[in-house]
Structure formats: structure tokens, C-alpha cells
Amino acid sequence: MSDEQPGILYDAVDGVATITLNKPEKLNAMSVAMDRELNRLVFQINSDDAVRVVILTGAGERAFCAGSDLKDLEGYGTSWQYRNRFDRNLDYAIGIYKIRKPVIAAIHGYCIGGGLEMACASDLRLATTASTFSAGEINWGWHGGSGATQFLTRIVGPGFASELLLTGDRFDAAHADRIGLLNHLYDDREGMLAAARSLAQRIAGHSPIPVEAVKKLVRVAQSSSVEVGLAYENDLFSYEMRSNDAAEGRAAFAQKRAPRFTGD
């Protein structure tokens, strides 16, 4: 029997699921096996109505995620074979992006390469002052292949994104906070994780219907005209207002009590 620890840990309590990248000896770098497990969890989370919010974090004191385990990037053949290889280790950030529920990235230590892409694929980003960031793939002959150019541009704007992507420079948490990459910055890992759990529990306490709708609508706002976004927003609003949760919210407001949402 192998004594090797699982590359990804998962638990779900009171509506909050936690995904922990668990290869601290390798700075939580993603292997093909971890990629497959993560994408299996994405399907599980999307199918589980009890899960309302997801926290993504890394084990240990050194890293959130240092990107891909480069050993898994060798031997793919031609560019076309590389592009179409289904088990290539480039899908994990896209996997995070496919989660329908809000995702909070809780970052401590190195957040570089694919790790930065995973953070950017999340909806909210919390970090400690000890965190270090980089889109450093340009230094080795390529750019990030799982959303780096798209996510960063939408989050921090084309100017900062271009600088980070074209230089590959590392930057500290203060700079990440200053350019708008982070939602909140904390002094230590324990405080940051506690804040992530508190934030996740607050979101999980809302009706999941508008929560998932907000996530969709924010993405629509990033990729469409205001007119399209407003039309989509109105459609979802009209649907929400016919839900049992909305009726419960109206009743709770009138009765001056906390609503009890069921997701219906």
C-alpha cells in the first residue's frame, strides 16, 4: 500500500466546500493526476446542490500553487498533438472557471504560472502579505495557456496585464492589491483562511438562485454590451422573483425575521 498523500483534499461542511492542493513539497504544482481529480471534483460540486460556495487554497506554508509540474509538460509531440491531448496538464484553471458556484481563492505563498491562472479563474481573491505572484511563462518560451491573457486583462486592465505577461516579473502582494488583483489582503495565513471561511459562509447563507445568477451576469458584463447584459439581467431577475426563495425573502422582510432559503 502506498503512503503517498492525495494530491488534492476535499471537504464540504454547511454549504462550503474546500479544495486544498496538497503537494507542499512541490509547492502544490499541478500534475496530470491532480488535474484529473480536480476536474472530477468540479463535476461533483456542480452536481451537489448542498454546496453553495467553494474555497480554493494550498497546503503548507510556502505556496498556493506554483503552476504545472513541468515534468508533465514533456513529450507531447507536435503543437497540434499538444493542443488536442485530452490529459494534458493545462486544464485545471479552466476547471476552476467551470464551477457554477462562487469560488474564493485563499492565497498564501507562491501564486505563479498556472497558480495565478487558478486564482484569476476564481471569483474572489484573498491573500496574505507573504504571497508572491507571477505570470512568468514568458521567461521560458511560452505564455500561460489556461486563461492568463484573458483573466488578467479583465481583472486588472490591459495595461497592467500586458506588463505582467510580457515581463514575467514577480510581484508582491502589495502590488497585487494595488492593481486590483486582490479583494482583501491579510497579515497571516490563519487570519486569511478565517476570513475566507467567514465570507464563504455569508454567501452560502443567501439563496443559491441569485448567487449563481450574479456569477453568470458578472461574466456577461465582461464579454458583452451593456444592452445584452441588461436584457440577460432582467430575464434572470424575473425568474428569481417567481422563486420560492424570493417569496420567503419577502415574507421574512415583512415579518422582520431572517429568511430561510431552500434553493427553490
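A.B. asks: Give a description of the pattern of salt bridges that names residues and reports values.
C.D. replies: Any two side chains of opposite charge can pair, on the condition that their charged atoms come close. Within the structure shown, the criterion is met by five salt bridges. In this structure, Glu248 and Arg257 form a salt bridge, with 2.7 Å as the shortest nitrogen-oxygen distance. We classify Glu248 as buried; its relative accessible area is 16%. A relative accessible area of 25% places Arg257 in the partly exposed class.

A.B. asks: With reference to specific residues and values, describe the packing of aromatic side chains.
C.D. replies: For any pair of aromatic rings, the description consists of the separation of the ring centres together with the inter-plane angle of the planes. Across all of its chains, the model carries two aromatic pairs by this definition. With a centroid separation of 5.2 Å and an interplanar angle of 35 degrees, the aromatic rings of Tyr97 and Phe151 are classed as tilted. A residue pair is termed long-range when its members are at least 10 positions apart, and Tyr97 in helix α3 (residues 92-97) and Phe151 in helix α5 (residues 148-156) qualify at 54 residues. A relative accessible area of 31% means that Tyr97 is categorised as partly exposed. Summarising the aromatic geometry, the rings of Phe133 and Phe171 are spaced 5.6 Å apart at their centres and angled 20 degrees between planes, so their arrangement reads as stacked. Of this pair, Phe133 sits in strand β8 (residues 132-134) while Phe171 is found in strand β9 (residues 170-172), placing the two residues 38 residues apart along the sequence. For the pair shown, Phe133 and Phe171 are each scored as buried.

A.B. asks: Residues and numbers for the state of the cysteines, please.
C.D. replies: A covalent bond between the sulfur atoms of two cysteines is referred to as a disulfide. In this structure the tally under the stated criterion is zero disulfides. Sulfur of Cys65: no disulfide; nearest cysteine sulfur belongs to Cys111 and is 7.6 Å away. Cys111 takes part in no disulfide bond, and the closest cysteine sulfur, belonging to Cys120, lies 7.3 Å away. Residue Cys111 is classed as buried on the basis of its relative accessible area of 0%.

A.B. asks: Go over the nonpolar core, please, and point to the residues and values.
C.D. replies: By size, the foremost hydrophobic cluster in this structure holds 44 residues, and its most contacted members are Phe64, Met118, Phe133, Leu152 and Leu181. Ile104, Ala200, Ala204 and Val211 belong to the second largest nonpolar core, which has 15 residues in total.

A.B. asks: Let's hear about the sheet that holds β9: which residues, and what values?
C.D. replies: For sheets, the rule is that strands pair by backbone hydrogen bonds, running either parallel or antiparallel. Within the open sheet, the four strands sit side by side as β4-β6-β8-β9. Their pairing is mixed. Every other strand in the sheet has two partners, leaving β4 (63-65) and β9 as the edge strands with one partner each. On average, each strand axis in the sheet is inclined to that of its neighbour by 25 degrees, with strand direction left out of account. Here two bridges tie β4 to strand β6 (residues 110-112), and the two strands are oriented parallel to one another. Opposite Ala63, over in β6, you have Tyr110 as the bridge partner. With respect to the sheet, helix α4 (residues 114-121) is in contact with β4, β6 and β8, its orientation differing from that of β6 by roughly 85 degrees.

Cut-offs used in this document
- Each chain carries its own residue numbering, running from 1 in the written order of its sequence.
- Residues qualify for local features only when their pLDDT is at least 70, as the model is predicted, and side-chain atom pairs are given and counted only at 80 or more; totals for whole chains, interfaces and linings, by contrast, use all residues.
- To get the side-chain values, take all heavy atoms of the structure and skip hydrogens and water.
- Salt bridge, as used here: a side-chain nitrogen of Lys or Arg that lies within 4 Å of a carboxyl oxygen of Asp or Glu.
- Exposure classes here rest on a 1.4 Å probe applied to the protein chains alone. A residue is buried below 20% of its type maximum, exposed above 50%, and partly exposed in between.
- Think of it this way: a Phe, Tyr or Trp ring, Trp meaning its six-membered ring, pairs with another when their centres are within 6.5 Å, and the plane angle makes it stacked under 30 degrees, edge-to-face over 60, tilted otherwise.
- Segments assigned H or I by DSSP are reported as helices when at least four residues long, segments assigned E as strands when at least two residues long, and all are numbered from the N terminus.
- When two cysteine sulfur atoms lie within 2.5 Å, the pair is treated as a disulfide.
- In this description, a nonpolar core means a group of buried Ala, Val, Leu, Ile, Met, Phe, Trp, Tyr and Cys residues linked to one another through side-chain atoms lying within 4.5 Å.
- Strands pair, by our definition, only if DSSP identifies at least two bridges between them.
- Whenever a helix is involved, its axis is fitted only over the stretch in contact; in every case the axis is a line through C-alpha atoms, and angles between N-to-C directions fall within 0 to 180 degrees.
- By the convention used here, residues are in contact when the closest approach between their heavy atoms is within 4.5 Å.

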